[in-house]
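# Structural overview
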Amino acid sequence: MNSSGHAADDVRDDTPGLRLHPFRGIRYVPDRVGSLAAVTSPPYDVVVRPDGLLHLESADPHNIVRLILPQAVTAGTRHRKAAVTMDRWLAEGVLAPDPSPALYVYEQRGDGILQRGIIGALELTTPDEGVVLPHEDVMPHVVEDRAALMRTTAANLEPLLLTYPGTGDGADEVVERTILREPLLATTTEDGFHHRLWAVTDPAEQAAVTTELARHQALIADGHHRWATYLRLRDERPSPGPWNQGLVLLIDTVRYPLRVRAIHRLLSRLPVADALAAVGDSFRVRRVERALPDALEALAEAAAEGNAFLLAGDGAFHLLDRPDPALLARTVRSDRPEAWRTLDATVLHATLLEHVWGVPDAPEDIAYIHDTAAAVEQAERRGGTAVLMHPVREEVVRDLARQGVTMPRKSTSFGPKPATGLVLRSLALD
């Protein structure tokens, strides 16, 4: 069984499953950068802006953030800047392609977690094909931005994180043999995680991986916007070809279960006092006179009984729980499964944001922040409200995905996420 409680359900004996291909990875040349750790970054949507962005830019002049989050006045200029920067780094030997196509074994270790998986170029499929299962909605403006960046650079700059329940042979055996060899690279990032990467170039080992994966479906754990971007760009070009594949990291969650964390909301234009006044008696509201870790424990206890949220931004914490059932009945759509209707993210967006607070669904009004302390700090700095969330259980995510039901965007954060900058994919080389 995997961590979601399902194993056999994901093995596909009758229809094509995952089709993973080797590719010529582009990697930093260690002698041309200060350190591999200094040029890596979290995924683009995890970088806390502007503080985290500035920190990464100053860590090394070649930090990958200059490609995934280029800075300029207009979007078009940003994307062109990234393409020019990548071309320059390749010409100068800062980045270089590996000599032959490979699948890559990737290991992360830290914070009590050991995670290993395989990076490759995955054949793209639509959700109705049932091979790669999304579980969250996406924001069109983010897909458009990622598509423009990918189109201009002609590169997959960071892998998506996908999970599947392995069978203990095939791909797993290749991974366990590969980690006994000398890695291509090893580095420790400032978050304390140790990263190692190996290339699998032997045709027999590549075949063992691809044969097993062809029997499985996968869940998108992280990267819904980039998967939607892959599909959009594929549709712009005739198949087959390099645009019919996308860079992914596949993790067997039977052997290496992921952690599921929440993604918090920052409402920059809504002060906490106004948020609480608007709630009135539609939720039970309690002030939590505790430090952040203890306040999150109070949130977890309340979430075990039903919908619960923790508001911050005025120097205190306010716990909202026990919503009025009549209010939920009026504001949450009834044509979805019970598991969807009772999600915290569903109630937050349908009931609180749309109905109670009237917060527009726009990037200038709602920001999504993975780091809890950063969400609180930014809310206090801006005079807004941080809505701290409790994570969803993985089995709920996977069950809804199998039903073809997508959760509200940014409902979950699976991790640890792969570090960006360890291996890139140029579509010009494939």
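You'll find the structure just up there.
Let me begin by describing the structure that accompanies this report.

## What to know about the pairing of strand 5 (residues 113-123)
Within strand 5, 10 of the 11 residues are buried, which leaves the element mostly enclosed by the surrounding structure. Relative to strand 5, strand 1 (residues 20-21) is paired through two bridges, and the arrangement is antiparallel. Along strand 5, the bridge assignment pairs His 21 with Ala 121. Both strand 4 (residues 103-110) and strand 5 contribute to a ladder of seven bridges, which runs antiparallel. The residue bridging Arg 109 from the neighbouring strand is Leu 114, located in strand 5. Where strand 4 hands over to strand 5, the hairpin turn is made up of two residues, of which Asp 111 adopts a positive phi near 55 degrees. Pairing of strand 5 with strand 12 (residues 245-252), which is carried by seven bridges, proceeds in the antiparallel orientation. Within strand 12, the residue paired with Ile 119 across the bridge is Leu 249.

## Thoughts on the side chain of Arg 265
Summarising the element assignment, Arg 265 is placed in strand 14 (residues 264-267). Among the polar contacts listed, one links the side chain of Arg 265 to the backbone oxygen of Ile 263, at a separation of 2.7 Å. In terms of polar contacts, Arg 265 uses its side chain to reach the backbone carbonyl oxygen of Arg 409, at 2.9 Å. In this view, Arg 265 contacts Ala 345, Leu 348, His 349, Ile 366, Ala 367, Tyr 368, Thr 385, Ala 386, Val 387, Arg 409, Lys 410 and Ser 411; residues no more than four positions away in its chain are not counted.

## Focus on the sheet that holds strand 18 (residues 367-369)
Pairing in this open sheet of six strands is antiparallel, and the strands run 15-17-16-19-14-18 from one edge to the other. Strands at the two margins of the open sheet, each flanked by one partner only, are strand 15 (284-288) and strand 18. The sheet shows a mean angle of 25 degrees between the axes of neighbouring strands, direction not considered. Both strand 16 (residues 308-312) and strand 19 (residues 385-388) contribute to a ladder of three bridges, which runs antiparallel. The residue bridging Leu 310 from the neighbouring strand is Leu 388, located in strand 19.

## Here we look at the packing of helix 6 (residues 171-178) against helix 7 (residues 203-213)
The geometry of helix 6 relative to helix 7 is characterised by a closest axis approach of 7 Å and an angle of 140 degrees between their N-to-C directions. Counted together, Ala 171, Asp 172, Val 174 and Arg 177 of helix 6 and Glu 205, Ala 208, Val 209 and Glu 212 of helix 7 form the full contact between these two elements. Classifying every residue of the contact of helix 6 with helix 7 by side-chain character gives four nonpolar, no polar and four charged.

## So, the side chain of His 264
You can see His 264 is positioned in strand 14. Within polar-contact distance, the side chain of His 264 engages the side chain of Thr 372 at 2.9 Å.

## Some thoughts on the nonpolar core
The biggest cluster of nonpolar side chains holds 114 residues, and the ones touching the most others in it are Leu 20, Tyr 28, Ile 119, Trp 227, Leu 250 and Trp 357. For this core, the leading source of residues is helix 13 (residues 344-356), giving seven residues. The contacts of Trp 227, once residues within four sequence positions are left out, are Leu 122, Glu 123, Leu 124, Thr 125, Val 132, Leu 160, Ile 220 and Val 248. Formed by 19 residues, the second largest nonpolar core is a distinct cluster that contains Ala 295, Leu 299, Ile 369 and Leu 388.

## Digging into helix 8 (residues 224-235)
Residue pairs spaced three or four apart in an α-helix point in one direction, given the helix's 3.6 residues per turn. Its 12 residues give helix 8 an end-to-end C-alpha distance of 17 Å, which sits within 8% of 16 Å, the value for a rise of 1.5 Å per residue. In terms of burial, helix 8 is a largely internal element, nine of the 12 residues being buried. Along helix 8, the positions that sit buried rather than exposed are His 224, His 225, Arg 226, Trp 227, Thr 229, Tyr 230, Leu 231, Leu 233 and Arg 234.

## Brief notes about the sheet that holds strand 3 (residues 95-97)
Reading across the sheet, the four strands line up as 3-2-21-7 and stay open at both edges, with antiparallel pairing between neighbours. Edge strands, defined here as strands with exactly one partner in the open sheet, are strand 3 and strand 7 (155-156).

Reading guide: rules and limits
Residues numbered from 1 in each chain as written. Predicted model: local features only at pLDDT ≥ 70, side-chain atom pairs only at ≥ 80, totals over all residues. Heavy atoms only, no water. Buried < 20%, exposed > 50% of the residue type's maximum accessible area, 1.4 Å probe, protein only. Helix = DSSP H or I, 4+ residues; strand = E, 2+ residues; numbered from the N terminus. Pairing = 2+ DSSP bridges. Polar contact = N/O pair within 3.5 Å; in protein donor to acceptor, adjacent residues only side chain to side chain. Contact = heavy atoms within 4.5 Å. Axes fitted to C-alpha atoms, helices over the stretch in contact; angles between N-to-C directions. Nonpolar A, V, L, I, M, F, W, Y, C, P; charged D, E, K, R; others polar. Core = buried A, V, L, I, M, F, W, Y, C linked by side-chain atoms within 4.5 Å. Expected span 1.5 Å × (residues − 1).

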